[in-house]
Amino acid sequence: MLAQFVLFDGFDPLDAIAPYEVLGASAALGAGAAFEVELVSAEGARLVPSGLPGISLRAAGPVDADRADLVVVPGAVALTEDDVRRVFGAALATPLAGALAAAVRREGVVVATVCGGSVLLGLAGLLAGRTATTNTGALELLGGLGARAVDARVADDGDLVTASGVTSGLDLGLHLLDRYLGADAALAAERLFHHERRGTPWTAR
C-alpha cells in the first residue's frame, strides 16, 4: 500500500512527519503487510520549505492519485486565520488544487489530513457535506467551508479521515494502522513510539 504525504510551501513539518513515521514503521511491526511511504508535492520532485525557518523536506515526486492508496495532507504553520488563508491560498494557486480534487474523487483512495489540512481541503471546495475535524481554533472556520465540523481527535468518514491539532498526527497514523492492518499492528506501533492513542475517534461506521 502506498501512502503519499503532500508537501507545499509553508506546511507544518510535524503534521507530515508524525504519521509518516508511524506508517513507515509498519514494515517492522510483523503485521504481514506494510505501507510504502513517500513525500510528494504537486509540482513533483523538489525541496519544499516548511513554515518553520531552516526546515525543508524533499519531495520525491508528484502527488499521484492513480498510484496512491492513501494521500495525507498536513496543515500549515499559521497563527491567525489571515495566515491560514494566505498560505493555503498560495498552495491552491499551484497544481495542488487539481491533485487534491483528483485524490478526493478517485474511488479506492483515502484522503487523510492533520490539523489545518482539512481546512485546506475545505478552501478547495472538497468538504461539502463531509464530517471532519481540525484544531479547535479552526472548527468554526471548517464549518463555514461546508463541512460538518466535529470536536474529535480523529474523525473517520470513510474515504476521508481527519485529525485535529498538530500532535494528533500520531493518533491519525495509529488509527490508520488499526484500520488497514489491524489492532495488533496499532498496538505494536504504540509500544514502539511510546504513545497511546488519545480520545474516542468519531466514525461513520
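Just above sits the structure.
These notes cover the structure that comes with them. These numbers come from a predicted model, not from an experiment.

1. Re the overall build of the protein
Here's step 1: Looking only at helices and strands, the protein has seven helices and twelve strands in total.
Here's step 2: Taking 17 Å as the expected radius of gyration for a compact globule of 205 residues, we find that the protein reaches 15 Å, a close match to that expectation.
Here's step 3: In terms of its C-alpha atoms, the protein occupies a principal-axis envelope of roughly 45 × 35 × 35 Å.
Here's step 4: Looking at the 205 residues of the protein, the share that counts as buried comes to 52%.
Here's step 5: Of the contacts formed within the protein by residues at least 6 apart in sequence, a portion of 64% connects residues at least 24 apart.
Here's step 6: A total of about 8,800 Å² of accessible surface is found on the protein, and carbon and sulfur atoms cover 52% of it.
Here's step 7: Looking at charge distribution, the protein has the averaged site of its 15 positive side-chain charges lying 1 Å from that of its 24 negative ones.

2. Some points on the packing of helix H1 (residues 13-24) against helix H6 (residues 168-181)
Here's step 1: Between H1 and H6, the least distance of the axes is 7 Å, while the angle of their chain directions is 30°. Considered as vectors, H1 and H6 are oriented roughly parallel to each other. Seen from above, H1 lies across H6 with right-handed handedness. Two secondary-structure elements touch here, H1 through Ala18, Pro19, Val22 and Leu23 and H6 through Gly169, Leu170, Gly173, Leu174, Leu176 and Leu177.
Here's step 2: Looking at side-chain class alone, the contact of H1 with H6 contains eight nonpolar, two polar and no charged residues.

3. What to know about the packing of H6 against helix H7 (residues 183-193)
Here's step 1: At a minimum axis separation of 6 Å, H6 and H7 run at an interaxial angle of 150°. Considering the angle they form, H6 stands roughly antiparallel to H7. Helix-helix and strand crossings are classified by hand; for H6 and H7 the assignment is right-handed. Between H6, through Leu174, Leu177, Asp178 and Leu181, and H7, the contact on the second element is made entirely by Ala183, Ala185, Ala186, Ala189 and Glu190.
Here's step 2: Taken together, the residues of the contact of H6 with H7 sort by class into seven nonpolar, no polar and two charged.

4. Some points on the nonpolar core
Here's step 1: Core analysis: the largest hydrophobic core is formed by 64 residues, its most contacted members being Phe8, Leu70 and Leu177.
Here's step 2: Setting aside residues up to four positions removed in sequence, Leu177 forms contacts with Val22, Leu23, Ser26, Leu29, Phe35, Gly182, Ala185, Ala186 and Ala189.

5. Thoughts on unusual backbone geometry
The phi angle of most residues is negative, glycine excepted, and most peptide bonds adopt the trans form.
Here's step 1: Here the phi dihedral of Cys115 falls at roughly 55°; this positive angle occurs in a residue that is not glycine.
Here's step 2: Judged by relative accessible area, which is 11%, Cys115 ranks as buried.
Here's step 3: Unlike most non-glycine residues, His194 shows phi in positive territory, near 50°.
Here's step 4: Tracing the sequence through the fold places His194 in the loop between H7 and strand S12 (202-203).

Calculation rules
Residues numbered from 1 in each chain as written. Predicted model: local features only at pLDDT ≥ 70, side-chain atom pairs only at ≥ 80, totals over all residues. Heavy atoms only, no water. Helix = DSSP H or I, 4+ residues; strand = E, 2+ residues; numbered from the N terminus. Rg over C-alpha atoms; globule rule 2.2 N^0.38 Å. Buried < 20%, exposed > 50% of the residue type's maximum accessible area, 1.4 Å probe, protein only. Contact = heavy atoms within 4.5 Å. Areas by Shrake-Rupley, 256 points an atom, 1.4 Å probe, with all protein chains shown as cover. Lys, Arg positive; Asp, Glu negative; His and termini not counted. Charge placed at Lys NZ, Arg CZ, Asp CG, Glu CD. Axes fitted to C-alpha atoms, helices over the stretch in contact; angles between N-to-C directions. Parallel < 35°, antiparallel > 145°, perpendicular 65-115°, else oblique. Left-handed = near helix turned anticlockwise from the far one by under 90°. Nonpolar A, V, L, I, M, F, W, Y, C, P; charged D, E, K, R; others polar. Core = buried A, V, L, I, M, F, W, Y, C linked by side-chain atoms within 4.5 Å.

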